[in-house]
There are 2 protein chains.
Amino acid sequence: MAALREKASSLPAITLSAKQACDLEMIAIGAFSPLTGFVGKADFEGICKDMRLADGTVWPIPITLAVDDEVKATLSEGSSAALFHSDGTLLAIIDVQEIYAHDKALEIPNVFRTEDDAHPGVAAVQEEGDWLVGGPIHVLTVVPENEPGEQFTEHRLPPAETRADFESRGWNTIAAFQTRNPIHRAHEYLCKCATEICDGLLIHPLVGETKPGDIPADVRMDCYTTIIEHYFVDERTLLTVMPAAMRYAGPREAVLHALIRKNYGVSHFIVGRDHAGVGDYYGTYDAQNIFDEFEPGDIGIIPLKFEHAAYSKKAQGMVSAKTFPKLEGDQIFLSGTKVREMLAKGERPPGEFSRPEVADVLIKWATSEVPA
Amino acid sequence: MAALREKASSLPAITLSAKQACDLEMIAIGAFSPLTGFVGKADFEGICKDMRLADGTVWPIPITLAVDDEVKATLSEGSSAALFHSDGTLLAIIDVQEIYAHDKALEIPNVFRTEDDAHPGVAAVQEEGDWLVGGPIHVLTVVPENEPGEQFTEHRLPPAETRADFESRGWNTIAAFQTRNPIHRAHEYLCKCATEICDGLLIHPLVGETKPGDIPADVRMDCYTTIIEHYFVDERTLLTVMPAAMRYAGPREAVLHALIRKNYGVSHFIVGRDHAGVGDYYGTYDAQNIFDEFEPGDIGIIPLKFEHAAYSKKAQGMVSAKTFPKLEGDQIFLSGTKVREMLAKGERPPGEFSRPEVADVLIKWATSEVPA
């Protein structure tokens, strides 16, 4: 470590974006395995064109280190560079194996299936530098000095420790639920259906960079711990965080999310409607259907494809369009806008939509300050 | 057919027991594939000892044609025999390849894991003849002349037609629910969890021979069609019957039930607690754990292992011990005895236990005559 630090002081510096810092952590902890660094040109092209690394392994989204002309001018292939957090913390050193043009015209339409600047993932790539640096990384730390380094520390379990935890619990089949929202009853229902057919459930919220308007990760974590305390079975539930950044790439990101969970030791992965989507860029079932494009062994994890769910008065419980007929006025559904309005006024949504304990966490946040 | 009938008239006759007639139908329709007849000695021994046919294929319960000394005296290896229903209908001709001693001392403890005469499956084997006849069968009909030949005809779909039906519906993943009881809310819940993660659900009641005390198949069919009409989604649900006889062999019968469903084109099979068990002969999870003794490809169908479920007032829905904490007085549970008492008095159990429409079917049966 000391030697790396010493070496870094004489190297050209690259300050990472928030997305790149998330990616660095994901690589460092093994969550992006088999990647051991930022991708080179052959992998970049294989990923964009065929959703595969150059060696044929399925990988749907390029994990890139983009730099601008100015930084690029300080680098040379075969040398190294020091990677810094925006707060100045030295995070890692990269072996600069390749420097190549950032082919955004290849990446954007393939990965996002749109070139619309209004798409937050597209916009993020558009704003990135025009050069990509590929090579393995040597990590010193993934914890920045001046940020809440202890953020969710107790829940920040890397893949190897997560797998060990599953083993110590005697779980062979584990369903993972990816989320970047509070868990209301609809998602609680999906989680519980999955738990019924598995040994255990991993609630695995994404706490890396999300878009403005998403509920902050710390508020969501309060929601998760609250609903687990009151409505889940401790011995069957594990809550840990996943430090990736969102791309909002819909189907391709659903595959990425599944591959990540395989690294965490999960066997089943919950894929809802419009998983990892944003706006109207993706068809309702695109993120479920994409799994059918692969052989089961290619992904190595079983997708659990769910419909939307809602409480039915006649059925006295949660239902989906697959499990209960549609009856006039029977199901309790609230729009996101309506829920936000209620919370901002300090009102709980109906218990059939949101657990009151969770509603109270959100009301506290929504009424105590201007929500981010 | 005419030639077979002609031939049969000159052959020694074997009148089948109800269980044997069920087995004959299962063989005839392909539900017992790869069996094409009653098992010979090598298969019998492999099944009893290792749950495998002589060629290594998994098969957990011997499908035997037992005859007594008197009938045995009329048969000879290398000849044929005519198989009759108890009402006199000629059902099939068997090529008598083997006649061998019925090794009940091998069959009973291995298949049933008990030798207790009070076990209905054990008792059935004990009462059978001391000789077994092995060989392929040539079927004329599986419909007896003097019995309700049209019993459940519209729901009596053989495996090949069932598979074709799934294909025409576009279902790739299908969960099957085996039952010999009315569907109350607990089992409805298992069915619906399974449906959420599959394309469709096959409700597949066993209508072959069951033990005294079980609710008659025609009453159960009324319960099934009623609950499907009011609480299931037509496009996701298929109700057909499975004409096998019960053995009450618990774990081994669970494997048999799964193999049968694979023949019907099913991908997932619901295995509850004490599946196919009776009394206290089997451990709660024996019928689930037995699947772990095989490689996944050996069975070729995914077991969905469920816990008991009940309605929780606090959760506002169905839960199991895996998905909701146990709270004092929270769950609505009624014993079988209590339910029978209520029905006999014309009272509906609570809607959280049994759908009122189903309760009414059972009340009508329980109050209109002495239940069988």
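Residues numbered from 1 in each chain as written. Chains lettered and ligands numbered in written order. Predicted model: local features only at pLDDT ≥ 70, side-chain atom pairs only at ≥ 80, totals over all residues. Heavy atoms only, no water.

### Overview of the overall build of chain A
At step 1: Scanning chain A from N- to C-terminus turns up 14 helices and 15 strands.
At step 2: In terms of overall size, chain A behaves like a compact globule, its C-alpha atoms giving a radius of gyration of 21 Å where 372 residues would be expected to give roughly 21 Å.
At step 3: Considering only C-alpha atoms, chain A reaches an extent of 70 × 45 × 45 Å along its principal axes.
At step 4: Taking all 372 residues of chain A together, the buried fraction comes to 55%.
At step 5: Taking the contacts inside chain A whose residues are at least 6 apart along the sequence as the reference set, 72% of them involve residues at least 24 apart. (Helix = DSSP H or I, 4+ residues; strand = E, 2+ residues; numbered from the N terminus. Rg over C-alpha atoms; globule rule 2.2 N^0.38 Å. Buried < 20%, exposed > 50% of the residue type's maximum accessible area, 1.4 Å probe, protein only. Contact = heavy atoms within 4.5 Å.)

### With respect to unusual backbone geometry
At step 1: Omega for the bond connecting A:Ser33 with A:Pro34 falls within 30 degrees of zero, at 15 degrees, which places this linkage in the cis form.
At step 2: Look at B:Ala276: it is not a glycine, yet its phi comes out positive at around 60 degrees.
At step 3: With respect to the element layout, B:Ala276 can be found in the loop between β11 (268-271) and α11 (286-289).
At step 4: Taking relative accessible area as the criterion, B:Ala276 reaches 7% and is therefore assigned buried.

### Observations regarding the pattern of salt bridges
All names here are of chain A.
At step 1: Going through the model one piece at a time under the given rule, you end up with 26 salt bridges over all chains.
At step 2: Across the pair arginine 273 and glutamate 307 runs a salt bridge, and its minimum N-O distance is 2.9 Å. Pair noted here: arginine 273 is in the loop between β11 (268-271) and α11 (286-289) and glutamate 307 is in the loop between β12 (302-305) and β13 (309-312), with a separation of 34 residues, a long-range link.
At step 3: The exposure class assigned to arginine 273 is partly exposed, which follows from its relative accessible area of 28%. (Salt bridge = Lys/Arg side-chain N within 4 Å of Asp/Glu carboxyl O.)

### Quick look at the sheet that holds strand β9 (residues 200-205) of chain A
Residues and elements named next belong to chain A.
At step 1: Read across the open sheet, the five strands follow the order β10-β9-β8-β11-β12; overall the sheet is parallel. The sheet is open, and its two borders are formed by β10 (237-239) and β12, each paired with just one other strand. Adjacent strand axes in the sheet meet at a mean angle of 25 degrees, parallel and antiparallel pairs treated alike.
At step 2: Pairing geometry for β9 and β10, over three bridges, is parallel. (Pairing = 2+ DSSP bridges. Axes fitted to C-alpha atoms, helices over the stretch in contact; angles between N-to-C directions.)

### Points about the packing of helix α3 (residues 41-50) of chain A against helix α5 (residues 104-112) of chain A
Residues and elements named next belong to chain A.
At step 1: Contact geometry of α3 with α5 gives a least axis separation of 8 Å together with a crossing angle of 40 degrees. One element, α3, and the other, α5, form an angle in the oblique class. When you trace α3 past α5, the crossing you get is left-handed. Listed contacts from α5 to Phe44, Glu45, Cys48 and Lys49 of α3 are Leu106, Glu107 and Asn110.
At step 2: By residue class, the composition of the contact of α3 with α5 is three nonpolar, one polar and three charged. (Parallel < 35°, antiparallel > 145°, perpendicular 65-115°, else oblique. Left-handed = near helix turned anticlockwise from the far one by under 90°. Nonpolar A, V, L, I, M, F, W, Y, C, P; charged D, E, K, R; others polar.)

### Digging into helix α14 (residues 356-368) of chain A
Residue and element names in this part refer to chain A.
At step 1: Here α14 contains 13 residues, and its C-alpha end-to-end distance of 18 Å stays within 8% of the 18 Å for a straight helix at 1.5 Å per residue.
At step 2: Listing the buried residues of α14 in full gives Glu357, Val358, Ala359, Val361, Leu362, Ile363, Trp365 and Ala366.
At step 3: Tucked into the core, α14 has its buried residues touching α9 (217-231) and α13 (336-344). (Expected span 1.5 Å × (residues − 1).)

### Structural notes on the interface of chain B and chain A
At step 1: Counting from both sides, the interface comprises 33 residues of chain B and, opposite them, 34 residues of chain A.
At step 2: Carbon and sulfur atoms make up 50% of the surface buried where chain B meets chain A, a total of about 2800 Å² over both sides.
At step 3: When the buried area of chain B at its contact with chain A is split by residue, B:Glu196, B:Gln316 and B:Lys322 rank highest and sum to 28% of it.
At step 4: The interface formed by chain B and chain A holds two salt bridges in total. (Buried area = accessible area lost by both parts, 1.4 Å probe.)

### Some remarks on the packing of aromatic side chains
At step 1: All chains considered together, the criterion is met by eight aromatic pairs over all chains.
At step 2: With a centroid separation of 5.7 Å and an interplanar angle of 90 degrees, the aromatic rings of A:Phe32 and A:Trp59 are classed as edge-to-face. Here A:Trp59 lies in the loop between α3 and β3 (66-67) and A:Phe32 lies in the loop between α2 (18-28) and β2 (37-38), a separation of 27 residues in the sequence.
At step 3: For A:Trp59, a relative accessible area of 1% puts it in the buried group.
At step 4: Summarising the aromatic geometry, the rings of B:Phe44 and B:Tyr100 are spaced 6.0 Å apart at their centres and angled 65 degrees between planes, so their arrangement reads as edge-to-face. Of this pair, B:Phe44 sits in helix α3 (residues 41-50) while B:Tyr100 sits in strand β6 (residues 98-101), and the two are 56 residues apart along the sequence.
At step 5: Judged by its relative accessible area of 1%, B:Phe44 falls in the buried class. (Phe/Tyr/Trp six-rings, centres within 6.5 Å; stacked < 30°, edge-to-face > 60°.)

### Quick notes on the side chain of A:His275
Residues and elements named next belong to chain A.
At step 1: Note on placement: histidine 275 falls in the loop between β11 and α11.
At step 2: The exposure class assigned to histidine 275 is buried, which follows from its relative accessible area of 8%.
At step 3: At a separation of 3.0 Å, a polar atom in the side chain of histidine 275 contacts the side chain of histidine 257.
At step 4: The residues touching histidine 275, leaving out its near neighbours within four places in the chain, are Gln178, Gly250, Pro251, Ala254, His257, Phe269, Ile270 and Ala287. (Polar contact = N/O pair within 3.5 Å; in protein donor to acceptor, adjacent residues only side chain to side chain.)

### Re the nonpolar core
At step 1: In terms of nonpolar packing, the biggest core is built from 94 residues, with A:Phe232, A:Leu304, A:Leu362, B:Phe232, B:Leu304 and B:Leu362 touching the most fellow members.
At step 2: If near-sequence neighbours (up to four positions away) are discounted, B:Phe232 is found in contact with A:Thr323, A:Pro325, B:Glu188, B:Cys191, B:Lys192, B:Leu201, B:Ile203, B:Ile227 and B:Thr237. (Core = buried A, V, L, I, M, F, W, Y, C linked by side-chain atoms within 4.5 Å.)

### A few points about the relation of the copies chain B and chain A
At step 1: Take chain B, turn it by 180 degrees, move it 0.0 Å along the axis, and it overlays chain A with an RMSD of 0.0 Å. Taken together, the rotation and translation describe the operation of a two-fold axis. Among all residues of chain B, the one whose C-alpha sits closest to the rotation axis is B:Gly317, at a distance of 2.3 Å.
At step 2: Mapped onto chain A, 100% of the interface residues of chain B are again interface residues, and the two copies thus contact each other with one and the same surface. (Least-squares fit on C-alpha atoms with pLDDT ≥ 70 in both.)

### Structural notes on the packing of helix α8 (residues 185-197) of chain A against helix α8 (residues 185-197) of chain B
Between two packed helices, the angle of one axis relative to the other and the distance separating the axes together describe the packing.
At step 1: Orientation of α8(A) relative to α8(B), taken along the N-to-C sense of each, is 105 degrees, at an axis distance of 10 Å. Considering their axes alone, α8(A) and α8(B) lie roughly perpendicular with respect to each other. Two secondary-structure elements touch here, α8(A) through A:Tyr189, A:Cys193, A:Glu196 and A:Ile197 and α8(B) through B:Tyr189, B:Cys193, B:Glu196 and B:Ile197.
At step 2: A per-class count over the contact of α8(A) with α8(B) returns six nonpolar, no polar and two charged.

### Details of α5(A)
Residues and elements named next belong to chain A.
At step 1: The set of residues buried in α5 consists of Lys104, Leu106, Glu107, Ile108, Val111 and Phe112.
At step 2: On its buried face, α5 sits against α3, α6 (120-127) and α10 (251-263).
At step 3: Positive phi appears at arginine 113, one or two residues downstream of α5, with a value of about 60 degrees.

### Examining the sheet that holds strand β15 (residues 331-332) of chain B
Working definition: the strands of a sheet are paired by backbone hydrogen bonds and lie parallel or antiparallel to each other.
All names here are of chain B.
At step 1: Spatially, β14-β13-β15 is the arrangement adopted by the three strands of the open sheet, whose pairing is antiparallel. Both outer strands of the open sheet, β14 (317-320) and β15, are each paired with one neighbouring strand and no more.
At step 2: For strand β13 (residues 309-312) and β15, the ladder comprises two bridges, and the chain directions are antiparallel. The residue bridging serine 312 from the neighbouring strand is glutamine 331, located in β15.

### Things to note about empty space enclosed by the protein
At step 1: Taken as a whole, this structure holds one cavity of 30 Å³ or more when the rule is applied.
At step 2: Its volume calculated, the largest cavity comes out at about 320 Å³.
At step 3: In terms of lining, the largest cavity is formed by 22 residues, of which the most central are A:Tyr189, A:Gly317, A:Met318, B:Tyr189 and B:Met318.
At step 4: The set of elements that each furnish at least two residues to the lining of the largest cavity consists of α8 and β14 (317-320) of chain A together with α8 and β14 of chain B. (1 Å grid on protein atoms, 1.4 Å probe; cavity = no way out; pocket = protein on both sides within 12 Å on 5 of 7 lines; lining within 4 Å. Points joined across faces, edges and corners; volume = space filled by probe spheres on them.)

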